[in-house]
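Results of the structural survey
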Amino acid sequence: DTAVSQTPKYLVTQMGNDKSIKCEQNLGHDTMYWYKQDSKKFLKIMFSYNNKELIINETVPNRFSPKSPDKAHLNLHINSLELGDSAVYFCASSRNSGANVLTFGAGSRLTVL
Amino acid sequence: QQPVQSPQAVILREGEDAVINCSSSKALYSVHWYRQKHGEAPVFLMILLKGGEQKGHDKISASFNEKKQQSSLYLTASQLSYSGTYFCGTEAGKLIFGQGTELSVKP
């Protein structure tokens, strides 16, 4: 029973398209995150939601829009995809927004051609 | 502010020891350590919450010097399974990761 699950695992798409990644956690955690890992393995935080409320919004282009319908789900929609969006996107969750352990999903590898 | 890790990469033979350092230009209140194996998600190793704290996890341990704003991860008698990229993370309302240290353990 996967704790943090993301779909899809792989996405290959053309520049200019729109795509979504979905994430669900069954840990009962209050806080969820999106991290982007580039080709140099740099893990950068993008967004964080605490109980459906956006609490962290890094300097991410407006083409990226997260949505949290409930505290167990966090989705990421990306409009007008660009080559530089190619990366692995990790969803993560933690008990709350304090100094807590992150549990990561398996990642979604996005390739923009 | 992203913490800085050193070294960037290290190659070991099984049984050898390694130290990975993590330093920050800002005051640290906690330091997290994660390991990511190739093609997998990062996995939590340990969190250090107090200055001077040391924690252990099997043959992997860590120290945290709050005054020096540094943490070190110690891997002793390394095993093949230790291979991966190690990240430290520091918190200031959000977990910011260092650039990673790639560890390869050879037979």
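Everything numeric here is computed off the predicted structure, so don't read it as measured data.

Take the interface of chain B and chain A next. Across the boundary between the two partners, chain B contributes 20 residues, which contact 18 residues of chain A. Taken together, both faces of the contact between chain B and chain A bury some 1500 Å²; the carbon and sulfur share is 59%. Remark: the boundary between chain B and chain A carries 1 salt bridge. Put simply, Glu58 of chain A and Lys94 of chain B hold a salt bridge, and the shortest N to O gap is 2.5 Å. Counting across the interface, chain B meets chain A through 5 residue pairs in polar contact (both at pLDDT 80 or more). Contributing elements (two or more residues each) for the side of chain B that touches chain A: strand S4 (31–36), strand S5 (42–48), strand S9 (84–91) and strand S10 (95–97) of chain B. Residues belonging to the side of chain B that touches chain A are distributed by class as follows: 10 nonpolar, 6 polar and 4 charged.

The final tally for this structure, using the stated rule, is 2 disulfides over all chains. Each sulfur in the disulfide pair Cys23 of chain A and Cys91 of chain A lies 1.9 Å from the other. Judged by the sign of its S-S torsion, about -80 degrees, the bond between Cys23 of chain A and Cys91 of chain A is left-handed. Of the two residues, Cys23 of chain A sits in strand S3 (residues 19–25) while Cys91 of chain A sits in strand S9 (residues 87–94), which places them 68 residues apart along the sequence. For the pair shown, Cys23 of chain A and Cys91 of chain A are each scored as buried. Note that Cys22 of chain B is cross-linked by a disulfide to Cys88 of chain B, the S-S spacing being 2.0 Å. The S-S bond linking Cys22 of chain B to Cys88 of chain B shows a torsion near 70 degrees; that makes this disulfide right-handed. Note that Cys22 of chain B is positioned in strand S3 (residues 18–23) and Cys88 of chain B in strand S9, a separation of 66 residues in sequence.

Residues and elements named next belong to chain A. Mapped onto the elements of the fold, Gln6 is located in strand S1 (residues 4–7). Polar side-chain contacts of Gln6 include one of 3.0 Å to the backbone nitrogen of Gly107. Here the side chain of Gln6 touches Ser108 through a polar contact of 3.0 Å, side chain to side chain. Residues contacting Gln6, with those up to four places away along its chain left out, are Ile21, Lys22, Cys23, Trp34, Tyr89, Phe90, Cys91, Gly105, Ala106, Gly107 and Ser108.

Turning our attention to the packing of aromatic side chains. Using the criterion set out here, one finds 10 aromatic pairs over all chains in the structure. For the ring pair Phe104 of chain A and Tyr34 of chain B, a centre distance of 5.9 Å and an interplane angle of 90 degrees mean the geometry is edge-to-face. Of the two residues, Phe104 of chain A is situated in strand S10 (residues 103–104) and Tyr34 of chain B in strand S4; the pairing between them involves two chains. We classify Tyr34 of chain B as buried; its relative accessible area is 0%. Measuring from ring centre to ring centre gives 6.3 Å for Phe104 of chain A and Phe97 of chain B, while their planes differ by 50 degrees; the resulting arrangement is tilted. Of this pair, Phe104 of chain A sits in strand S10 while Phe97 of chain B sits in strand S10, each in a different chain. One exposure class covers both Phe104 of chain A and Phe97 of chain B, and it is buried.

Below, the discussion takes up the nonpolar core. Ranked by size, the top nonpolar core spans 21 residues in total, and within it Trp33, Leu73, Leu75, Tyr86 and Leu103 of chain B carry the most contacts. Here Tyr86 of chain B is in contact with Gln5, Ile20, Tyr34, Arg35, Leu45, Ile60, Leu73, Leu75, Gly100, Thr101 and Leu103 of chain B, once residues within four sequence places are set aside. Core analysis: the next-biggest nonpolar cluster, separate from the first, contains 20 residues, Phe47, Val60, Ile78 and Val112 of chain A among them.

Reading the values: the criteria
- Residues numbered from 1 in each chain as written.
- Chains lettered and ligands numbered in written order.
- Predicted model: local features only at pLDDT ≥ 70, side-chain atom pairs only at ≥ 80, totals over all residues.
- Heavy atoms only, no water.
- Contact = heavy atoms within 4.5 Å.
- Buried area = accessible area lost by both parts, 1.4 Å probe.
- Salt bridge = Lys/Arg side-chain N within 4 Å of Asp/Glu carboxyl O.
- Polar contact = N/O pair within 3.5 Å; in protein donor to acceptor, adjacent residues only side chain to side chain.
- Helix = DSSP H or I, 4+ residues; strand = E, 2+ residues; numbered from the N terminus.
- Nonpolar A, V, L, I, M, F, W, Y, C, P; charged D, E, K, R; others polar.
- Disulfide = S-S within 2.5 Å.
- Buried < 20%, exposed > 50% of the residue type's maximum accessible area, 1.4 Å probe, protein only.
- Phe/Tyr/Trp six-rings, centres within 6.5 Å; stacked < 30°, edge-to-face > 60°.
- Core = buried A, V, L, I, M, F, W, Y, C linked by side-chain atoms within 4.5 Å.

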